[in-house]
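An overview of the molecular structure
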Amino acid sequence: MNVIRVVTADDWPQAKELRLAALRDPVAHLAFLDTYANALGKPDVLWKEQAANSEAGVRSRQFAAVAPEGGWVGSVAGIVEDAGEQDYFGLSVEERQVQLVGVFVRPEHRGGGRVLGPLVAAVREWAGEVGAGRLRLFVHAGNGRAVAAYERLGFKATGHRAPDQAGTGEELEYVWGGPLGPAVTAG
């Protein structure tokens, strides 16, 4: 079973490797606001800073799914957006929320929600800890597999749409349909 944990400052080499793998994925152009060539050219100090920011967990936090043998099989990050700010797409943020970003699961570990589900649950819990009122994400309309995965996990389409980075398609906004914070279990 995979362990889901916060990415720490010392994890920057693994975080960098996984991000570069994500940017080589065939649907990377639909899922990420970066390219492999651009990310490859970033100095290590930027990767170190990003990992350190995750560990601090004030405005962002990244989680990794780590296999029993130690290899990283997926990751996801959350970014705090405060009321009154404008998001990446120019939409006005109405309440404190966390946006789910940088979602990636290695192809051989996809399916069934065994990796994605626990990663998203970790961000949901953190979102509650930082006082967010909602958890949202944007997914490219042409990325049907991702749309289906998020809907299976309990995300609902809001109807908000934004042009994608290339200006050739649309990003669809989804919000988490349940409470934020620790998972509630029957006892």
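Here, the structure is the one placed above.
Let me sum up the structure you'll find in this document. Numbering of residues starts from 1 in every chain and runs along the sequence as written. This being a predicted model, a pLDDT of at least 70 is required before a residue's local features are given, and a value of 80 or more before pairs of side-chain atoms are given or counted; all residues contribute to the totals for chains, interfaces and linings. Water and hydrogen atoms were dropped before computing side-chain values, which therefore reflect all heavy atoms in the structure.

Attention now goes to the overall build of the protein chain. Helix and strand content of the protein chain: six helices and seven strands. A run of H or I in DSSP counts as a helix once it spans at least four residues, and a run of E counts as a strand once it spans at least two, with each numbered from the N terminus. Ordered by position from N to C terminus, the α and β elements of the protein chain give β-α-α-α-α-β-β-β-α-β-α-β-β. Taken over C-alpha atoms, the radius of gyration is set against a globule rule of 2.2 Å times the number of residues to the power 0.38. The C-alpha atoms of the protein chain give a radius of gyration of 16 Å, which matches the 16 Å a tight globule of 187 residues would have. Across its three principal directions, the C-alpha atoms of the protein chain cover 50 × 40 × 30 Å. Relative accessibility decides the category of a residue: with a 1.4 Å probe and only protein chains considered, values under 20% of the type maximum give buried, values over 50% give exposed, and everything between is partly exposed. Looking at the 187 residues of the protein chain, the share that counts as buried comes to 43%. Residue burial considers only the protein chains on display, and all accessible areas are found by Shrake-Rupley using a 1.4 Å probe. As displayed, the protein chain offers around 9,600 Å² of accessible surface, 54% of which is attributable to carbon and sulfur atoms. Positive and negative side-chain charges in the protein chain, numbering 19 and 23 respectively, have mean positions lying 4 Å apart. The charge count treats Lys and Arg as positive and Asp and Glu as negative. His and the chain ends do not count. In plain terms, the charge of a residue is placed at NZ if it is Lys, CZ if Arg, CG if Asp and CD if Glu.

Our focus in this paragraph is the pairing of strand E7 (residues 170-176). Among the seven residues that make up E7, six are buried, leaving the element largely enclosed by the rest of the structure. Summarising the sheet, strand E6 (residues 155-163) and E7 pair through six bridges and their orientation is antiparallel. Looking at E7, one finds that Phe155 is bridged to Trp176. Note: two strands are recorded as paired if DSSP finds a minimum of 2 bridges between them. Counting the residues in the hairpin turn of E6 and E7 gives six residues, including Gly167, whose phi is positive at 75 degrees.

On to the sheet that holds strand E1 (residues 3-6), then. Strand order in the open sheet made by the seven strands is E1-E2-E3-E4-E5-E7-E6, with mixed pairing throughout. Looking along the sheet, the strands with just one partner apiece sit at the ends: E1 and E6. If you compare each strand with its neighbour and ignore which way they point, the axes differ by 25 degrees on average. Relative to E7, strand E5 (residues 134-140) runs antiparallel, the two being bridged by five bridges. Residue pairing in the sheet places Leu137 in a bridge with Tyr174 of E7. In the packing of helix H1 (residues 12-23) onto the sheet, the strands contacted are strand E2 (60-66), strand E3 (72-81) and strand E4 (97-105), and the crossing angle to E3 comes to about 95 degrees. Contact definition: two residues touch when any of their heavy atoms are within 4.5 Å. Simply put, an axis is a line fit to the C-alpha atoms, just over the touching stretch for a helix, and the angle between two N-to-C directions goes from 0 to 180 degrees. Strands in contact with helix H5 (residues 116-129) are E1, E2, E3, E4, E5, E6 and E7; relative to E3, the strand with the most contacts, it is inclined by about 25 degrees.

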